[in-house]
Amino acid sequence: GADRAKREIVSWEDVDGWFVTFDQNGDDQLSLDEIGPLFDGLGSTTLDVNTAWANLDDNQNGLVDLSEYQDVFNIIDFIASDKNQDGLISLDEYIWPELFDLTDFNGDGIIDFDEFAG
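Let me begin by describing the structure that accompanies this report. (Residues numbered from 1 in each chain as written. Predicted model: local features only at pLDDT ≥ 70, side-chain atom pairs only at ≥ 80, totals over all residues. Heavy atoms only, no water.)

As for the overall build of the protein chain
- Scanning the protein chain from N- to C-terminus turns up seven helices and four strands.
- Its helices and strands taken in sequence order, the protein chain reads α-α-β-α-α-β-α-β-α-β-α from the N to the C terminus.
- In the protein chain, buried positions account for 27% of the 118 residues.
- As presented, the protein chain carries roughly 7600 Å² of accessible surface, and 55% of it is formed by carbon and sulfur atoms. (Helix = DSSP H or I, 4+ residues; strand = E, 2+ residues; numbered from the N terminus. Buried < 20%, exposed > 50% of the residue type's maximum accessible area, 1.4 Å probe, protein only. Areas by Shrake-Rupley, 256 points an atom, 1.4 Å probe, with all protein chains shown as cover.)

Things to note about the nonpolar core
- Counting residues in each nonpolar core, the largest one holds 10 residues, listed as V15, F19, L30, I35, F39, V49, W53, L56, V64 and Y69.
- For this core, the secondary structure elements donating two or more residues are α2 (12–22), α3 (32–41) and α4 (46–56).
- The leading source of residues in this core is α4, at three residues.
- Not counting residues up to four positions away in its chain, the partners in contact with L30 are F19, F22, D23, I35, W53, G62, L63, V64 and Y69. (Core = buried A, V, L, I, M, F, W, Y, C linked by side-chain atoms within 4.5 Å. Contact = heavy atoms within 4.5 Å.)

Some thoughts on the side chain of S90
- Here S90 shows up in strand β3 (residues 89–90).
- Here the side chain of S90 touches D92 through a polar contact of 2.4 Å, side chain to side chain.
- In contact with S90, other than residues within four places in its own chain, are F100 and G109. (Polar contact = N/O pair within 3.5 Å; in protein donor to acceptor, adjacent residues only side chain to side chain.)

Regarding the packing of aromatic side chains
- All chains considered together, the criterion is met by five aromatic pairs.
- Each ring, one from F19 and one from Y69, has its centre 5.2 Å from the other, and the planes form 65°; the classification is edge-to-face. You can see F19 sitting in helix α2 and its partner Y69 sitting in helix α5 (residues 66–81), a full 50 residues away along the chain. The exposure classification of F19 matches that of Y69, with both residues buried. (Phe/Tyr/Trp six-rings, centres within 6.5 Å; stacked < 30°, edge-to-face > 60°.)

Pasting the structure below:
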């Protein structure tokens, strides 16, 4: 629909650029100190920040690398695409209907998160 045409597509180059911006010491990893101001700007509580950080930091090493960071954008994009919030994306919800069949790996007519992020 019209809302699909209005939606801006964020490229992986944009996402990677934001990562570099947050990575103040240039070690290719984000610390909570580096990304904390982003959470503060969103009005997050300490509990929200700690929960979000634990979910970002897949390997639990206290740092978020580029791969872990990119995973967050997959999740955000999936949630934004799942208009009826049923945890699945149907053809009418998918932003690129012409690519739906390529993403619906099991051919069941819906896209789950694993297919979406795969």
